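# Structural characterization, general
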Amino acid sequence: MLSKLGFINCDVVEVLLTTISAKGEPNTAPMGVWIEMGPRLALRPYQETQSARNLEVNREAVLNLSQDPELFLSFAFKEELRQLQSVEYISAKTVKAPRLSGANAYVEVSVKPKHSTEFVTPFREFLCAVQHIEVTSKFPLAFSRSRSAAIECVIYATKIRALHNTDPITVKHLAHQIGEHYALVERIAPQSPAAEVIRKVETLLPKWIK
Ligand SMILES: Cc1cc2nc3c(=O)[nH]c(=O)nc-3n(C[C@H](O)[C@H](O)[C@H](O)COP(=O)(O)O)c2cc1C
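Residues numbered from 1 in each chain as written. Predicted model: local features only at pLDDT ≥ 70, side-chain atom pairs only at ≥ 80, totals over all residues.

## Structural notes on helix 3 (residues 145-163)
- Here helix 3 contains 19 residues, and its C-alpha end-to-end distance of 27 Å stays within 8% of the 27 Å for a straight helix at 1.5 Å per residue.
- Lining the buried residues of helix 3 we find strand 1 (12-20), helix 2 (69-76), helix 4 (168-188) and helix 5 (193-204). (Helix = DSSP H or I, 4+ residues; strand = E, 2+ residues; numbered from the N terminus. Expected span 1.5 Å × (residues − 1). Contact = placed C-beta atoms within 7 Å.)

## Here we look at the domain arrangement of the protein
- Domain annotation of the protein identifies domain 1 (3-135) and domain 2 (145-207).
- Contact residues are listed per partner, giving nine residues for domain 1 and eleven residues for domain 2.
- With five residues, helix 2 is the largest single contributor of residues to the side of domain 1 that touches domain 2.
- When its residues are assigned to classes, the side of domain 1 that touches domain 2 shows five nonpolar, one polar and three charged. (Domains from an automatic or database assignment. Nonpolar A, V, L, I, M, F, W, Y, C, P; charged D, E, K, R; others polar.)

## Description of the site of the ligand
- Residues in contact with the ligand amount to 18 residues; listed here are only the nearest, Ala-29, Pro-30, Thr-49, Gln-50 and Ser-51.
- Elements with a contribution of two residues or more to the shell around the ligand: strand 2 (26-35), helix 1 (50-57), helix 2 and helix 3.
- The element best represented in the shell around the ligand is strand 2, accounting for five residues.
- Of the residues contributing to the shell around the ligand, the split by class is ten nonpolar, six polar and two charged. (Near = placed C-beta within 6 Å.)

## Quick look at the packing of helix 3 against helix 4
- Running from N to C, helix 3 and helix 4 cross one another at 160°; their axes reach a closest spacing of 9 Å. Comparing the axis directions of helix 3 and helix 4 gives the class roughly antiparallel. Read as a crossing pair, helix 3 and helix 4 show a hand that is left-handed. Taken together, the residues of helix 4 that come into contact with helix 3 (itself represented by Arg-145, Ser-146, Ala-149, Ala-150, Glu-152, Cys-153, Tyr-156, Ala-157, Lys-159, Ile-160 and Leu-163) are Thr-170, Val-171, Leu-174, Ala-175, Gln-177, Ile-178, His-181, Leu-184, Val-185 and Ile-188. (Axes fitted to C-alpha atoms, helices over the stretch in contact; angles between N-to-C directions. Parallel < 35°, antiparallel > 145°, perpendicular 65-115°, else oblique. Left-handed = near helix turned anticlockwise from the far one by under 90°.)

## Digging into the packing of helix 2 against helix 3
- Remark: helix 2 packs on helix 3, axes separated minimally by 9 Å, with the N-to-C direction vectors making an angle of 10°. When the axes of helix 2 and helix 3 are compared, the pair comes out roughly parallel. Contacts from Pro-69, Phe-72, Leu-73 and Ala-76 of helix 2 reach helix 3 at Arg-147, Ala-150, Ile-151, Val-154 and Thr-158.
- Of the residues that constitute the contact of helix 2 with helix 3, the class distribution is seven nonpolar, one polar and one charged.

## Topic: unusual backbone geometry
- A positive phi angle, near 65°, is found at Cys-10, a position not held by glycine.
- Structurally, Cys-10 can be placed in the segment before strand 1.

## Section: the pairing of strand 8 (residues 126-135)
- Sheet topology places strand 3 (residues 41-43) next to strand 8; three bridges connect them, and they run antiparallel. Note on strand 8: the bridge partner recorded for Ala-42 is Leu-127.
- When strand 7 (residues 105-113) meets strand 8, the two strands line up antiparallel, connected through nine bridges. Each residue of the ladder has a partner; that of Glu-108, found in strand 8, is His-132. (Pairing = 2+ DSSP bridges.)

## Looking at the sheet that holds strand 8
- The sheet built from six strands closes into a barrel, its strands ordered 1-2-3-8-7-4 with antiparallel pairing. The sheet shows a mean angle of 45° between the axes of neighbouring strands, direction not considered.
- Contacts between helix 1 and the sheet are confined to strand 1, strand 2, strand 4 (60-65), strand 7 and strand 8, with strand 2 contributing the most and set at about 85° to the helix.

## Concerning the pairing of strand 1
- Extensive coverage of strand 1 is indicated by the burial of seven of its nine residues.
- Sheet topology places strand 1 next to strand 2; nine bridges connect them, and they run antiparallel. Each residue of the ladder has a partner; that of Val-13, found in strand 2, is Val-33.
- In this antiparallel pair of consecutive strands, strand 1 and strand 2, the connection spans five residues, and Gly-24 shows a positive phi of 90°.
- Note: strand 1 against strand 4, three bridges, orientation antiparallel. Note on strand 4: the bridge partner recorded for Leu-17 is Leu-63. (Buried ≥ 20, exposed ≤ 12 C-beta atoms within 10 Å, placed from the backbone.)

## What to know about the environment of Ile-151
- One can find Ile-151 in helix 3.
- Since 24 C-beta atoms lie within 10 Å of it, Ile-151 is described here as buried.
- Separated by 31 residues in the primary sequence, Ile-151 and Tyr-182 place their C-alpha atoms 11 Å from one another.
- Beyond its immediate sequence surroundings of up to four residues, Ile-151 is in contact with Glu-14, Pro-69 and Phe-72.

Below, the structure is given as structure tokens:
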């Protein structure tokens, strides 16, 4: 079932990860996930993310599958774009962390930290055991270059936010990449929601790039 949803060996898929805090508050963030150790999945949130903190205290999560760039944008920049959010959570079947209403599929997982002794990293690594999978979308989605370009731009912007004080060269490169992706989407789908997402990303950048 996981492979039918696009989770295949040697690749990373991007999901909207729902977790809950010690106080029971739900949180959603875009996160990369990959297959590791047979049927288990792995993910690697930065130490300072709410997702990492939540997974330390509540070892369960839902991987919400979506290709909607607006969702990736609004959950990557919750502080900066409060007005974008109209989140509806629904109960999961097997875990306390909720599902995100409207996602195309849900993978409910229990989570445990992966104690890597190799080197100290800014990440926390977790292994996920699948508890339950549910597909809600009747139809497969066609590939869209503009959707994928917009989600790529959201990732670049999160990296710019993380690196703006320490790595100006990478930040400059990432900003250039966002410009290139925007040029593509302007050419192929200027009226699309994806183009609008990249325009919103560009409005955020002056906070971090002087
Ligand atoms: C597609 C996509 C994938 C991402 N993957 C990761 C990841 O694997 N690890 C991570 O720490 N941040 C990742 N990010 C950035 C986080 O989503 C972002 O920092 C977010 O604000 C964290 O939210 P939180 O503090 O609520 O957990 C990704 C962002 C996007 C758009």
